[in-house]
Amino acid sequence: MDRYMEREVLDEQRLEEVTQRKTHSDTHPSLTETLKDSLRCTAPKLKRSVLSCLPVLYWLPKYSIWDYGMPDLISGISVGIMHLPQGTKTLMSHSYPQYKNKSQILSQSFLIPLIYFFFGTSRHISIGTFTVLSIMVGGVTERLAPDTDFLITNGTNNTAEVDITARDLYRVQVAAATTVLGGLIQVVLGLVKFGFVGTYLSEPMVRAYTTAAAAHAVVAQLKHIFGVSPGRSSGAFSLVYTLRDVCLLLPHTHLPTLCVSAVSMVFLISAKELNSFLSPRLPVPIPMELITIVAGTLISTYTYLNRNFTISVVGEIPNGLSYPSVPDTSIFKKVIGDAFALAMVGYAISISLGKTFALKHGYNVDSNQELVALGLSNAVGGFFQCFSVCSSMSRSLIQETTGGKTQMAGVASALIVLVTILKLGPLFQELPTAVLAVIVLVNLKGMFKQYSDIVTLWKRSKIDLVVWLVTWVSTMLLNLDLGLAASIIFALMTVIFRTQMPTYSVLGNVPGTELYVDMETHREAREIPGVTIFRSSATVYFANADLYLEALKEKSGLDISKMIIYKKRQEAKQRRREKRAERREKRQAKKEVEPPSGAQVFSVEEEQGRAERENGTYLKGGEPDSTSLGWMSELQDGDTTTLGSSSEDTLSRDLERVSLGSLGKWTWDIHSIIIDLSTANFIDTVAIKTMKNIFQDFSKIDVDVYLAGCQSCVVEQLELGDFFSESVTKRHLFASVHDAALYCLDHRGQHPTCPKHCFLNFDKKM
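Bear in mind that the values here come from a model prediction, so they are computed numbers and not experimental data.

Basis of the calculations
Residues numbered from 1 in each chain as written. Predicted model: local features only at pLDDT ≥ 70, side-chain atom pairs only at ≥ 80, totals over all residues. Heavy atoms only, no water. Helix = DSSP H or I, 4+ residues; strand = E, 2+ residues; numbered from the N terminus. Contact = heavy atoms within 4.5 Å. Areas by Shrake-Rupley, 256 points an atom, 1.4 Å probe, with all protein chains shown as cover. Salt bridge = Lys/Arg side-chain N within 4 Å of Asp/Glu carboxyl O. Buried < 20%, exposed > 50% of the residue type's maximum accessible area, 1.4 Å probe, protein only. Pairing = 2+ DSSP bridges. Right-handed = clockwise from strand over helix to strand, strands pointing away. Phe/Tyr/Trp six-rings, centres within 6.5 Å; stacked < 30°, edge-to-face > 60°. Lys NZ or Arg CZ within 6 Å of the ring centre and 35° of its normal. Core = buried A, V, L, I, M, F, W, Y, C linked by side-chain atoms within 4.5 Å. Expected span 1.5 Å × (residues − 1). Bend = angle between axes of the 7 residues up to and from the residue. Polar contact = N/O pair within 3.5 Å; in protein donor to acceptor, adjacent residues only side chain to side chain. UniProt positions renumbered as here; feature names shortened; annotations may be inferred. pLDDT = per-residue confidence, 0-100.

(A) The arrangement of the overall build of the chain in detail. Across its full length, the chain holds 30 helices and twelve strands. Here the contacts in the chain between residues at least 6 apart in sequence split such that 81% fall between residues at least 24 apart. Carbon and sulfur atoms form 60% of the exposed surface of the chain, whose accessible area is close to 39,200 Å².

Shown next, in the form of structure tokens:
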């Protein structure tokens, strides 16, 4: 059943009276009141604060051991075993040859997952060592503790030698101080809600970034697959250099290592396919990665692969944990820039992976809490001589693909590391590194499926496709840190570009409704006679204010500068016409009083007819050309005493027709312009000045301008920007386009051939 509601036309002033709009002070409390409110502790508020700071208290009471226990345990064991060689190999080979005690390195594989368990919000990422951060911290230690600062003189032969013990000790202090400071920066940024930067990581960019990161992981594993030793590269184009070195070393491939890799890959791929086929019939997935690790360790141990075939193995895994110590705070001022860079890169990598898994499994990741969790992991870990950490691509994929459901898998992996470094370390010393490399490669298969995004985005959005490709190329060539920065900058540039080049449209009314749609894309939309309704698809701000004004002039069809000149000419002509009429009246009165001797006296009607016949000599041909227009200009400026008033009116109308024709319009039928600002969520000072200019310019040609659909925040910004004045009041703002259109028709009238009811209803259908 149709329902109708009648209401008055509401402008902004009347709307504020009806709705009792609050003042600025009511909606924006002072800093003192905000602090008092934040300190005012209530039970619900305290509960929300605790749950937001410790997410584990939210999901742990709901944890189902029956549903999640076994998958998390299997996933945790697989990831925990991966922690052992990756933590040692990454740090020892890339940045930290000074760490002779590997227990310091492995301690972070135990501590960090436990800290993230309490404070993190992602269910699938594995926090620990990561190659990019290891290289960055290694660069800091080498810069602040170069070999030249630790030279000592050998008393035997008077040669300079490096004091390796002192150098390594200071490098440990530099790395720990950098890690603690970076963690503190992350915690502070998380507390001040800086995690909003994670919103700039769009889904196409995140998927492209993780796809490129997977390619980096593949290239990093090639040396273990083929048993070669390429040179170590870092920075831009490091992937290209590493791939080049691996290709050059292919003739020197270690065949026993390649055989182990091939057998492990065939076994693992076949087993995972079988697992996928049988998964509907199994209560829990079969831990194929764990089986592969155990089988590889047993075969290597009993066939002496390392001794007989020189196949690289994990090697010695030390026992015991390191003791905590306070870092040297005097180093903070030297590494604050590096610590900030580490904080940003680590957070960006972690939130990228976290959002990828969250989108896949349908849950949310709190970007601010992730900053806090990562910061606490780094800050606390730094006291145990741990180093900057973030989520690892390879371990996170293994945690997800092996069936991990929650961060209980992280606890299981931490316990595996703890038990291993205390008691079980020697059992995995003979595990071939090629087996671990194969596990990483096989689990990256899901990431490479994301290349299908190119086809999907080609059909859906070309701009998102460009973002995807630029992100992938920049990450591949510039490495993960620089590539991420370049990707974010490019993505923001696309946003700016789209706001600078929005869609401008003129709206028409849908007959019988209060709806207004683009007339170019809707056939049934009807133009409101005398009213132009203009809308932009983007908000108006400094970057597109000039383009906005030009688009308004183009869409309305009114060239303001030319029309102002035309209006001035019309006013001048009107003044001259009045003077000529006055002179004619005086002359006529004089003739009636005293006619000249021998002169032929004409009546008023005869004089008017004679003037019309003379005027017809140049109006007979239809529209005047440039020659006749020039003649008329001379006639207008010269002596025209012989022309009657009717002739003057005809000449004026013809001049008006020619002047408007030069502007591209033969009729000046616009009396009102409505600017739809419903798409604007803010308006800056430059846009406010542009709006002022629009009102002033169009008022000079007697065209009224009105704003419609302004949000409360926009109205407030207009007030603060001194937009309103005696000539432009809140009566020029309307709650909707429909209200503004009704007001225009009541205020300035409508086209005589189209009554109001033919396209607008005063009664609004609800």
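(B) How the structure looks around the environment of V345. Along the chain, the position of V345 falls in helix 15 (residues 332-361). Residues V345 and L133, spaced 212 residues apart in sequence, show a C-alpha to C-alpha distance of 7.9 Å.

(C) View of the side chain of R167. Topologically, R167 is positioned in helix 9 (residues 164-191). Setting aside chain neighbours within four positions, we find R167 in contact with A145, D147, F150 and V162.

(D) Structural view of the pattern of salt bridges. All chains considered together, the criterion is met by eleven salt bridges. Between E520 and K555 there is a salt bridge, and its shortest N-O distance comes to 3.1 Å. Highlighted residues: E520 in the loop between strand 7 (516-518) and strand 8 (531-536) and K555 in helix 23 (residues 545-556), separated in sequence by 35 residues. By sharing partners, the salt bridges in this structure join E16, E719 and K730 into a single network.

(E) Examining the pairing of strand 9 (residues 672-676) more closely. The buried fraction of strand 9 is high, at five of five residues. Where burial is concerned, the two faces of strand 9 agree: the one with S672, I674 and D676 and the one with I673 and I675 are both buried. Where strand 8 lies against strand 9, five bridges are found, and the strand directions are parallel. For F534, the partnering residue across the bridge sits in strand 9 and is I675. Bridge count between strand 9 and strand 10 (residues 704-708): five bridges; the pairing is parallel. Looking across to strand 10, one finds that I675 is bridged to L707. Taking the sense of rotation as the criterion, the β-α-β connection linking strand 9, helix 28 (residues 685-699) and strand 10 turns out right-handed.

(F) Structural context of the packing of aromatic side chains. For the structure shown, the criterion picks out 17 aromatic pairs. Measuring from centroid to centroid gives 5.8 Å for Y63 and Y68, while their planes differ by 55 degrees, and the two rings are tilted. By relative accessible area, Y63 is classed as buried at 17%. Ring centres of Y706 and Y743 lie 5.5 Å apart, and the angle between their planes is 75 degrees; this geometry places the pair in the edge-to-face category. Placement of the pair is Y706 in strand 10 and Y743 in helix 30 (residues 737-748), with a sequence separation of 37 residues. Put simply, the rings of W59, Y63, Y68, F117 and F118 touch in pairs and so form one group of aromatic residues. Here the guanidinium or amino end of K730 rests over the ring plane of F724, the centre of that ring lying 5.8 Å away.

(G) Up close: the nonpolar core. Counting 83 residues, the largest nonpolar core has M393 and L444 as its most contacted members. A per-element tally of this core places helix 15 first, with 13 residues. Residues within four places of L444 in sequence aside, it is in contact with A214, A217, V218, M393 and L397. Counting 31 residues, the second-largest nonpolar core is a separate cluster that includes V540, A551, I701 and L718.

(H) Examining helix 22 (residues 462-500) more closely. Spanning 39 residues, helix 22 covers only 17 Å between terminal C-alpha atoms, well under the ideal 57 Å at 1.5 Å per step. In helix 22, a bend of some 140 degrees at N479 exceeds every other bend along the element.

(I) Highlighting the environment of A220. By the element assignment, A220 lies in helix 10 (residues 203-226). C-alpha separation for the pair A220 and L243, spaced 23 residues apart in sequence, amounts to 8.9 Å.

(J) Main features of the side chain of S392. With respect to the secondary-structure elements, S392 resides in the loop between strand 5 (390-391) and helix 17 (393-401). Among the polar contacts listed, one links the side chain of S392 to the backbone nitrogen of R395, at a separation of 3.5 Å.

(K) Spotlight on the UniProt feature "transmembrane region" (unreviewed entry) in the chain. Within this numbering scheme, the UniProt entry marks residues 174-196, 246-270, 282-305, 339-359, 431-448 and 469-497 as carrying the feature "transmembrane region" (unreviewed entry). Summarising residues 174-196: 78% helix, 0% strand, and an end-to-end C-alpha distance of 30 Å. Helix makes up 76% of residues 246-270 and strand 0%, with an end-to-end C-alpha separation of 27 Å.

(L) Structural detail: the confidence of the model for the chain. Per-residue confidence for the chain gives a mean pLDDT of 78; residues scoring 70 or more make up 76%. Contacts of residues 611-667 to residues separated by more than four positions or lying in other chains number 64 contacts, the stretch itself having pLDDT below 50. Low pLDDT, under 50, characterises residues 751-766; the stretch is placed with 42 contacts to residues that sit more than four places away or in other chains.

(M) Structural detail: the pairing of strand 6 (residues 504-509). A large share of strand 6 lies buried, amounting to six of its six residues. Two strands pair when backbone bridges link them, and strand 6 and strand 8 are joined in this way by four bridges, in the antiparallel orientation. Bridging from a neighbouring strand, S505 pairs with R535 of strand 8. One ladder, built from three bridges, connects strand 6 with strand 7; its direction is antiparallel. Looking at the pairing, L507 lines up with D518 of strand 7. Counting the residues that bridge the hairpin from strand 6 to strand 7 gives six residues, and of these G512 lies at a positive phi of roughly 80 degrees.

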